[in-house]
Amino acid sequence: MKIKLTHNIISIVLLLITAVVLCALPLKYIKQEKIYIYTKTKIPSSQERGFALALRKKGYKVIINSENKLSDDDVSIWFSNIEAIERKIDRASMKYCFLYVQDYFPINLDLTKENPIILTPYQDIFEHYTRTNIRSATFYLGENEKVFSFSGNQDKNLVSYYELRNKDTNLAKFARSNGINLLGAFWINSDISMNVTEEYLYDMYNKKLKESVITLVDNAQSNNLIPHEIIHATLSGSLVITPYNKAVYDMYKNNVIYYDTLENAKKLIEEYKLNNQARQKAVVNAYKITTSKLTSIQSVERFVELLKWLKSNY
C-alpha cells in the first residue's frame, strides 16, 4: 500500500514537472520586440534609464545608443534632435521613429520628406503639429521612481529650497536670507558639482528632500509643464510650497501649496511646519498623484499604446 501511494506521488510530481517544462518551452522561441533608445547625451539621464528599465519589464528588448543602421520596421525613440536621427536613419525608414521634444516651441521640419513622430508634453504644441499634418502625439517622459523614495523620517525644522537650474531668483535670495537649506548642483559646492554624475547628485538630493518637511520650488520656468523639482520633492515625501502654476494646479490641486508673495510664503512655511495633520495629508496625496501619473511606468504605458496604434493604422 505504501509502495503504491509513493508511486502515485512520484507520478503526480513528474506530471507537474512535465507541465511546467512544456509551458516554459515556447517562451524560448518568442522573439522579443526590439526598441532602440537614443539618449540626449552619451550617458543616459535618470529619466531615460527609468524609461528603458520599464520597457524591459514590459518584455521588450531595449538597445541603447546602437551604432547599427536601422531598418524600415525597427522601432526607435530619440531624446536628442532631428539632426541626430538624420545621421542614423534614411528618411524612408521613419515609419516607427519617435522624437521626444520637451522644448516649448515647434521644431523646424522639412515637410517634403518623411519625418519622425513628434512626441511633446504640451497639448498646444501637439495641436500645432496636427494642423500642419505632422505625425505627433502627447507624451511625457516621467521620472525614474527608483531614484527618489519616500521614508517619512523627517527633521521637523528642516526646510529646503530646491532649484536644478540654480538661477539666483528672488526665492533663492529669500531662502538664503532666512537660513533655508539650498539644494541644487551649484548650491552644494562649485568645486565638486561639475565633476559628479547625475546619479550621485540625485541620490544626495533625495536624502535631503526625505529629511525636509517642506520644500520651496520656483516654477517660473513654464506655466505649461510641471517642474522636475516638484516631482522629485513629492516622490520624496516633502510638502511643496511654490508660486501658482496652472500645470501644477491641474495635476495636484491643493496638495501642493501656493504662495503669492514672499511674505505669504514665510507665513505658509511656519503654518505647515506646525500643522502636521494638514501637511501629511497633502504629502501623501501628492505622492500618490506623482506615482500614478508622472513616472517611467506611465510613460512606457503611453508609449506602448502609441506604438500599438501606429502598427495597426500605419
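Please refer to the structure higher up on the page.
Conventions and cut-offs
- Residues numbered from 1 in each chain as written.
- Predicted model: local features only at pLDDT ≥ 70, side-chain atom pairs only at ≥ 80, totals over all residues.
- Heavy atoms only, no water.
- 1 Å grid on protein atoms, 1.4 Å probe; cavity = no way out; pocket = protein on both sides within 12 Å on 5 of 7 lines; lining within 4 Å.
- Points joined across faces, edges and corners; volume = space filled by probe spheres on them.
- Helix = DSSP H or I, 4+ residues; strand = E, 2+ residues; numbered from the N terminus.
- Nonpolar A, V, L, I, M, F, W, Y, C, P; charged D, E, K, R; others polar.
- Phe/Tyr/Trp six-rings, centres within 6.5 Å; stacked < 30°, edge-to-face > 60°.
- Buried < 20%, exposed > 50% of the residue type's maximum accessible area, 1.4 Å probe, protein only.

A. The arrangement of the layout of surface pockets in detail. Volume-wise, the largest pocket comes out at about 1400 Å³. Lining the largest pocket are 43 residues, and of these Lys40, Gln47, Gln102, Glu198 and His228 lie nearest its centre. Looking at the lining of the largest pocket, the elements that each hand over two or more residues are helix H2 (46-57), helix H3 (82-88), strand S4 (97-100), helix H7 (198-211) and helix H8 (228-235). Per-element tally for the lining of the largest pocket: the top contributor is H7, with 5 residues. Considered class by class, the residues forming the lining of the largest pocket number 20 nonpolar, 14 polar and 9 charged.

B. The packing of aromatic side chains, seen in detail. For the structure shown, the criterion picks out 16 aromatic pairs. Summarising the aromatic geometry, the rings of Phe139 and Phe303 are spaced 6.5 Å apart at their centres and angled 70° between planes, so their arrangement reads as edge-to-face. Of this pair, Phe139 sits in the loop between strand S6 (136-138) and strand S7 (155-162) while Phe303 is found in helix H12 (residues 296-313), placing the two residues 164 residues apart along the sequence. Under the relative-accessibility criterion, Phe139 is labelled buried at 2%.

C. Up close: the environment of Asn170. Its place among the elements puts Asn170 in helix H5 (residues 170-177). Residue Asn170 is classed as exposed on the basis of its relative accessible area, which comes to 55%. Linking Asn170 and Asp218, residues 48 residues apart in sequence, is a C-alpha distance of 9.1 Å.

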